[in-house]
Amino acid sequence: GEGGTALQGKTLVHAISAGGSEEVYCSQGRNRYTIRQLLAPFDQTAFLCGMRYLAPHVIHGANQLADASSIQSHAQRYARLLTALRDETLPLDAALEAHKINDLIPA
């Protein structure tokens, strides 16, 4: 509420799995918007709370991941993201502007 500062300075990042490919999440694609555009209300809420709103971590085609090695690879990359956030080694300026935060974490 007004005058509340409990979330000020905190970081917010979404972890999303999407069945559709990245190509369907664009202005020309079936979903007409990028994942980042679809999350705009969360971005605004974070802004109003004085939070840092980072690009989302998105796994496209998640429903088509069948082999354990692909799933494990995504899990390891996500773990590296969490470690980078914890250790404050993630480049926050780039994470604020990126299309998806996955692009900043080595595969």
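Let us look at the structure shown here. Because the structure is a prediction, the values reported are computed rather than measured.

**Re the overall build of the chain**
Helix and strand counts for the chain come out as four helices and four strands. Element order for the chain, N to C, with α for helix and β for strand: β-β-α-α-β-β-α-α. Seen along its three principal axes, the alpha-carbon backbone of the chain occupies a region of about 50 × 35 × 20 Å. Within the chain, the proportion of its 107 residues that are buried is 27%. Of all intrachain contacts in the chain linking residues separated by at least 6 positions in sequence, the fraction that spans at least 24 positions is 68%. Once the 9 positive and 10 negative side-chain charges of the chain are each reduced to a mean point, those two points are 4 Å apart.

**Side note on the environment of S17**
In this fold, S17 is placed in strand β2 (residues 15-18). Using a relative accessible area of 57% as the deciding quantity, one classes S17 as exposed. Along the backbone, S17 and H60 are 43 residues apart, and their C-alpha atoms lie at a distance of 6.1 Å. Setting aside residues up to four positions removed in sequence, S17 forms contacts with I59 and A62.

**Here's the deal with the pairing of β2**
Here β2 shows a clear split, with I16 and A18 buried on one side and none of A15 and S17 buried on the other. With four bridges connecting them, β2 and strand β4 (residues 57-60) associate as parallel partners. The residue bridging S17 from the neighbouring strand is I59, located in β4.

**Some points on helix α3 (residues 68-87)**
Counted at 1.5 Å a residue, the expected span for α3 with its 20 residues is 28 Å, and the 28 Å between its end C-alpha atoms agrees. Just past α3, the residue E88 takes up positive phi, approximately 60°.

Calculation criteria
- Residues numbered from 1 in each chain as written.
- Predicted model: local features only at pLDDT ≥ 70, side-chain atom pairs only at ≥ 80, totals over all residues.
- Heavy atoms only, no water.
- Helix = DSSP H or I, 4+ residues; strand = E, 2+ residues; numbered from the N terminus.
- Buried < 20%, exposed > 50% of the residue type's maximum accessible area, 1.4 Å probe, protein only.
- Contact = heavy atoms within 4.5 Å.
- Lys, Arg positive; Asp, Glu negative; His and termini not counted.
- Charge placed at Lys NZ, Arg CZ, Asp CG, Glu CD.
- Pairing = 2+ DSSP bridges.
- Expected span 1.5 Å × (residues − 1).

Worth remembering: the numbers are spatial, not functional.
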